Structure formats: structure tokens, C-alpha cells
Amino acid sequence: MKHPSSQSRPIKNRGQVDLVIPVKSLSIAKSRLRGTAGGRSHAHEELVLTMVNATVTAAIRSHAVAAVVVVTPDPIIASSVESLGARAVTDEPSGGVNAAIMHGVCAARDDGGGPITGALLADLPALRHHELTSFIAAAAGRRAFCADRHGSGTTLLLSACGEELRPSFGAGSALAHRESGAVSLTGEWPSLRADVDTVHDLCVVAGLGWPRPDESMDPHQMRFAGTSVHTTG
Ligand SMILES: Nc1nc2c(ncn2[C@@H]2O[C@H](COP(=O)(O)OP(=O)(O)OP(=O)(O)O)[C@@H](O)[C@H]2O)c(=O)[nH]1
Ligand SMILES: C[C@H](OP(=O)(O)O)C(=O)O
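Residues numbered from 1 in each chain as written. Chains lettered and ligands numbered in written order. Predicted model: local features only at pLDDT ≥ 70, side-chain atom pairs only at ≥ 80, totals over all residues. Heavy atoms only, no water.

1. Section: unusual backbone geometry
For residues that are not glycine, phi is negative in most cases, and the peptide bond is trans in most cases.
Point 1. In this chain, Glu92 is followed by Pro93 through a cis amide linkage whose omega measures -5°.
Point 2. Along the chain, Pro93 falls in the loop between strand 3 (87-89) and helix 3 (97-110).
Point 3. For the peptide bond that leads from Trp210 to Pro211, omega is 0°, which places it in the cis range.
Point 4. Within the secondary structure, Pro211 is located in the loop between helix 7 (199-207) and strand 8 (221-224).
Point 5. The backbone of Arg166 sits at a positive phi, close to 55°, despite the residue not being glycine.
Point 6. Its place among the elements puts Arg166 in the loop between strand 6 (154-158) and helix 5 (173-179). (Helix = DSSP H or I, 4+ residues; strand = E, 2+ residues; numbered from the N terminus.)

Below you can see the structure in the form of C-alpha cells.
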């Protein structure tokens, strides 16, 4: 089902991969970061939305990606990512991250679907679209995943060409994906490995150049851990 706020269709790129990006509601997402964005009302929600928008923008810009489907129960996220060119669908039923991903995969199939599906987490604000394209090329149609920079989590899982995705996101997902036969690819993809769960992770993405000047959508700024972040305020 399309998100209740849905009005637009996704922008179709030339690529072969339909990418699904699951995102919780802004009120509960990134709980480990809560409090780091400052005391201003909705500062945390703005930080999370800014990270989601940056991730979705990079995914859409990758030439290897055909379409981006964001699965979220949150109407603010839905409307924001639709304005970027993604399709938004609600969680249905709500059953956690892997159920949300599979719902997005079904939505992508209903929309025509490409031969490869993928799940990308929404907390990769420093993501460079050419790194995503490079990873997809390296996967070469195999079921493959990118571990986060700690090696324990997963930031991206791709299905084999024409086959099921079989996501096992959650604690220790890198091992789960490896044990289920996915190939762990280890190229030079620092921005694809830099998920943000903690304040320290924010410093890491700041070192990778996030936020970039063109992502500063208005003059509001938050300060945390010595890093200045512009928000959509
Ligand atoms: N649509 C949807 N997305 C989910 C769900 N559970 C987790 N996610 C998303 O999956 C990714 C990883 O989720 P978590 O690590 O559990 O949560 P998080 O918001 O990243 O961070 P914490 O709250 O600090 O654990 C994030 O992009 C979440 O927004 C769900 O039930 N539905
Ligand atoms: C869902 C989980 O991500 P994180 O807890 O790092 O957000 C994972 O890596 O599978």
C-alpha cells in the first residue's frame, strides 16, 4: 500500500537495483542519539530527518539504482523523501525492520521491479553515491552485504540477481548475513560503512565531510561533540 501521504511516483534511474530503506517514526528513531542534538524543540527529529534525507538522496543519485522505496509509518518522513524522488510506503504489518524491508520489496515488485533488490539502512548521512554504485558493481549479481565499520552490523544487503533478498538485520547482522550465504565485500567504501548510532559515529561522519554545504537547507545549527550540523528546521 502506498503511504497515505503519497502523491508522487518514484524517479526511475537506469540501474538494476530496487533499494528499500526502512525508517522508524521520528519520535522513536535513533534513540541512542537522543539528547545529542541540543535542547531546541524537535532538534532530535530534525537531526534524524536530515540523516534520512542525505541517505535517500545518495541512493537516488546512484546510477546503479533503479528506484528507492522508503518504508516508514511516519508521514513527515514519507512526504520528505517523496519530494526527493523516492516512493514511500507504510509498514504493513508492523513487525520490525526485516518485515518492513520485505514489505518494501513487495512494493517495488508491484511497481515493476528490477532483477536485484537491496536493503539500505537510513543512517548513512555521509554516503557518496559513487561508493554505492561501486559496491553494487562489485557484487556483480551475487547476494552480498556491506558490514558497518565495526564489522558487526550491516549497512547494505543486495539480493542475487532474480533471487530473494532474505534480510536478517538486527544485532550481529553481519554474521547472520554471512552464515546465510551472502558475500561480505570489503572494498574502499568508507561512507557506506559509516552508520550513525552514537555521538562518536557523528564525529566519524563529520570527518567524512557530512554535512556538505549543499545539505545546509537553512541557517539552524545544532552543536554536539564539537561538530556543527545544519538542520532542515
Ligand atoms: N519501517 C521500519 N523501520 C525500522 C523498524 N525497526 C527499525 N527500523 C529501521 O531500521 C534501521 C535500524 O534500526 P535500529 O538500529 O533498530 O534503530 P535506530 O533507529 O537506527 O537506532 P536506535 O533507536 O538507537 O536503536 C533504522 O533505519 C530504523 O529506522 C520498523 O519496525 N519499521
Ligand atoms: C539493524 C542493525 O543496525 P544498527 O543497530 O547498527 O542501526 C544492523 O546492523 O543490522
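2. As for the site of ligand 1
Point 1. Around ligand 1, the structure places 15 residues, and the nearest of them are Lys24, Lys30, Ser31, Arg32 and Asp91.
Point 2. Lys30 places a polar side-chain atom, nitrogen or oxygen, 2.6 Å from an oxygen atom of ligand 1.
Point 3. When isolated, ligand 1 has an accessible area of 610 Å², and the protein chains bury 82% of it.
Point 4. The cavity where ligand 1 resides is the largest pocket.
Point 5. A class-by-class count of the residues in the shell around ligand 1 yields nine nonpolar, two polar and four charged. (Near = heavy atom within 4 Å. Polar contact = N/O pair within 3.5 Å; in protein donor to acceptor, adjacent residues only side chain to side chain. Areas by Shrake-Rupley, 256 points an atom, 1.4 Å probe, with all protein chains shown as cover. 1 Å grid on protein atoms, 1.4 Å probe; cavity = no way out; pocket = protein on both sides within 12 Å on 5 of 7 lines; lining within 4 Å. Sits in = over half its atoms within 2 Å of the grid points. Nonpolar A, V, L, I, M, F, W, Y, C, P; charged D, E, K, R; others polar.)

3. Things to note about the confidence of the model for the protein chain
Point 1. Scored by pLDDT, the protein chain has a mean of 88; 86% of the residues are at 70 or more.
Point 2. Per-residue pLDDT stays below 50 along residues 217-233; that stretch engages in 46 contacts with residues further than four places along the chain or on separate chains. (pLDDT = per-residue confidence, 0-100. Contact = heavy atoms within 4.5 Å.)

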